[in-house]
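Fold and contact review
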Amino acid sequence: MNAQNHQIVSREEWLAARKQHLAHEKAFTKERDKLSAERRALPWVKIDKDYRFQGPNGELKLADLFGGRSQLVIYHFMFADGWDEGCPGCSFLSDHIDGANQHLAHHDVAVVAVSHAPFAEFQAFKRRMGWKFDWVSSAGSDFNYDFGVSARAEDVAAGTATYNYEKSDGAEEELPGLSVFYRNEAGDIFHTYSTYARGLDMLVGTYNYLDLMPKGRNEEEIMEWVKHHDRYEDKASSSCCHGE
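About the criteria used
Residues numbered from 1 in each chain as written. Predicted model: local features only at pLDDT ≥ 70, side-chain atom pairs only at ≥ 80, totals over all residues. Heavy atoms only, no water. Phe/Tyr/Trp six-rings, centres within 6.5 Å; stacked < 30°, edge-to-face > 60°. Helix = DSSP H or I, 4+ residues; strand = E, 2+ residues; numbered from the N terminus. Buried < 20%, exposed > 50% of the residue type's maximum accessible area, 1.4 Å probe, protein only. Lys NZ or Arg CZ within 6 Å of the ring centre and 35° of its normal. Salt bridge = Lys/Arg side-chain N within 4 Å of Asp/Glu carboxyl O.

What follows covers the packing of aromatic side chains. Scanning all chains against the criterion turns up 26 aromatic pairs. When the centroid spacing of 5.6 Å and the interplanar angle of 75° are considered together, the rings of F92 and W225 count as edge-to-face. With F92 in helix α2 (residues 88-94) and W225 in the segment after α7 (205-210), the pair connects residues that are 133 residues apart, well separated along the chain. The partly exposed category is assigned to W225, whose relative accessible area is 28%. Taking the centre distance of 6.5 Å and the plane angle of 75° together, the rings of F125 and W135 count as edge-to-face. Taken as a pair, F125 in helix α4 (residues 123-129) and W135 in strand β6 (residues 134-137) lie far apart in primary sequence, ten residues in all. Here F125 matches W135 in class, with each residue buried. One aromatic cluster in this structure is built from Y75, F77, F79, W83, F119, F122, F125, W131, F133 and W135. Sitting over the ring of W14, R11 keeps its end group 5.1 Å from the ring centre. Directly above the aromatic system of Y193 lies the positively charged group of R39, at a separation of 5.4 Å from the ring centroid.

Now the structure itself:
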């Protein structure tokens, strides 16, 4: 809808339209609650493979990533061996992690990013972005392949690679995703959920702001405008509330 040629009405007409939309919003909220309950009710898969990761102090097991909590969110961050910087889209999402983690860390939830590149290769980029969340490497492990975010070159070439639970001729060797795990009191770990592609939108608070705006997300293609947060040419500090 063109924001420049939008319908202009009286306050009374606006209020009637807003109340009608509010009924739709409430219905959507109820459906979202039902969907969330359905997600939590999905069956689980016990993790039997001994995945190993590399962190700042050496080798880690999957259990170590929980940090003493029972619930673990892993963001599959696109950063492959030999890359100088992370995927702009993954970086956009990751800009939202530290704020949420101030609360999640106190509510039995650990959040860890995992990338395929060796640990040392993304440390400079993490410092550049100013992120504090835990970020480890799955190099040398089947972890990325098993959870659907990395494809072997031969599978991509043969057209047998999959992404988001379906075969895709255009699958890349590195793609984003999110996986959730639960650890019980006996120490058993279960995979409870994974999501990919547009399923990751829920983690991006910026989108929730944009969806309230008259221009919406204002993009021709998904995330075409997104850059690493230190690469925008316009300065965010030029707001009404900053002094000269």
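Applying the stated criterion to the full structure yields 14 salt bridges. For R198, the salt bridge is made with D201, and the minimal N-O distance between the two is 2.8 Å. In this structure R198 comes out as exposed when scored by relative accessible area, which is 51%. Judged by relative accessible area, D201 falls into the buried class, the value being 16%.

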